[in-house]
Amino acid sequence: MFSKKTIIVNIVRSCDGQKLIGDKTAASQKREERLRKFRELHFKRNEARKLNHQEVVEEDKRLKLPSNWEAKKSRLEWELAEDEKKKECAARGEDYHRVKLLEITADEAERWERKKKKKNPDTGFAGYAEAQFRQYQRLTKQIRPDLQSYEKQREESGEDFYPTSNSLSYGSHVPTKDGIDRMVEDVEKHRRRAYNDDADIDYINERNAKFNKKAERFYGKYTAEIKQNLERGTAV
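Residues numbered from 1 in each chain as written. Predicted model: local features only at pLDDT ≥ 70, side-chain atom pairs only at ≥ 80, totals over all residues. Heavy atoms only, no water.

Asker: An account of the side chain of Glu82 is requested, with residue identities and associated values reported.
Answerer: Among the structural elements, Glu82 can be located in helix 2 (residues 69–92). Judged by its relative accessible area of 8%, Glu82 is buried. Aside from chain neighbours lying at most four places away, what touches Glu82 is Tyr96 and Lys100. (Helix = DSSP H or I, 4+ residues; strand = E, 2+ residues; numbered from the N terminus. Buried < 20%, exposed > 50% of the residue type's maximum accessible area, 1.4 Å probe, protein only. Contact = heavy atoms within 4.5 Å.)

Shown next, in the form of structure tokens:
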């Protein structure tokens, strides 16, 4: 039989042993926790290093690009999207321009009109010099160069295509029939109309005359009787 003292000593030793085991277990767990956090920090540091390197590479690429690259990229993306829409409309048998107009909101249309007026404001007739300049701008915008004809003519002319002060080929160029027809058509379309002495004078300047012609074209049939009564003096 064990004495009470022996039992108490054994209990104390057992508790001390369990406490020592418990301390070792807690220390091991703390060590594992610290190692896990260290591995996580190490992994995050490597990820941050990779991301920083990628950003540096991308920044270097952007700096080497032209200054207007973003605008060009946006324009190209828009053109690709427009081409895809045109192909879809063609596949469905729809008019692309009609479909596009149906998608435009009132705010977008108003903003586009304001931009158009701001870009090329119509100030009316202010002088022949200004009218001639505006006509020149309209004509130059309509020019569509024929590159195939240009290349063919350059091959045929050789060095004479770029004449100098010593060249003898001046005046040898003959315009094409299509070019002459386009010029005649444009001259006929934009030539000044002859003045009619027998026409009624109901305007104070050329701008007012154009306005009166537009009003007559749209509302003349509704106001013809009123105008006749005013001329006869029989209007109420």
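Asker: An account of the layout of surface pockets is requested, with residue identities and associated values reported.
Answerer: Space left empty within the atom packing is revealed by a probe, the size of a water molecule, rolled over the atoms. Size it by volume and the second largest pocket reaches roughly 610 Å³. Asp146, Ser149, Gln153, His173 and Thr176 are, among the 17 residues lining the second largest pocket, the residues nearest its centre. Only helix 6 (147–157) and helix 7 (177–190) provide two or more residues apiece to the lining of the second largest pocket. Broken down by element, the lining of the second largest pocket gets its largest block of residues, six residues, from helix 6. Within the lining of the second largest pocket, the residues separate by chemical class into five nonpolar, six polar and six charged. (1 Å grid on protein atoms, 1.4 Å probe; cavity = no way out; pocket = protein on both sides within 12 Å on 5 of 7 lines; lining within 4 Å. Points joined across faces, edges and corners; volume = space filled by probe spheres on them. Nonpolar A, V, L, I, M, F, W, Y, C, P; charged D, E, K, R; others polar.)

Asker: How would you sum up a negative patch on the surface? Please name residues and give values.
Answerer: Taken together, the side chains of Asp200, Asp202, Glu216 and Glu231 make up a negatively charged region of the molecular surface. Following the sequence through the fold, Asp200 ends up in the loop between helix 7 and helix 8 (206–232). (Patch = residues over 30% accessible without salt bridge, like charges linked within 9 Å, V, L, I, M, F, W, Y side chains within 5 Å. Areas by Shrake-Rupley, 256 points an atom, 1.4 Å probe, with all protein chains shown as cover. Salt bridge = Lys/Arg side-chain N within 4 Å of Asp/Glu carboxyl O. Lys, Arg positive; Asp, Glu negative; His and termini not counted. Charge placed at Lys NZ, Arg CZ, Asp CG, Glu CD.)

Asker: I'd like to hear about the pattern of salt bridges, residue by residue, with values.
Answerer: Applying the stated criterion to the full structure yields six salt bridges. Glu79 is the salt-bridge partner of Arg75, the closest N and O atoms lying 3.3 Å from each other. Of this pair, Arg75 and Glu79 both sit in helix 2, four residues apart, roughly one helical turn. For Arg75, a relative accessible area of 47% translates into the label partly exposed. Connected via shared salt-bridge partners are Glu33, Arg36 and Glu40.

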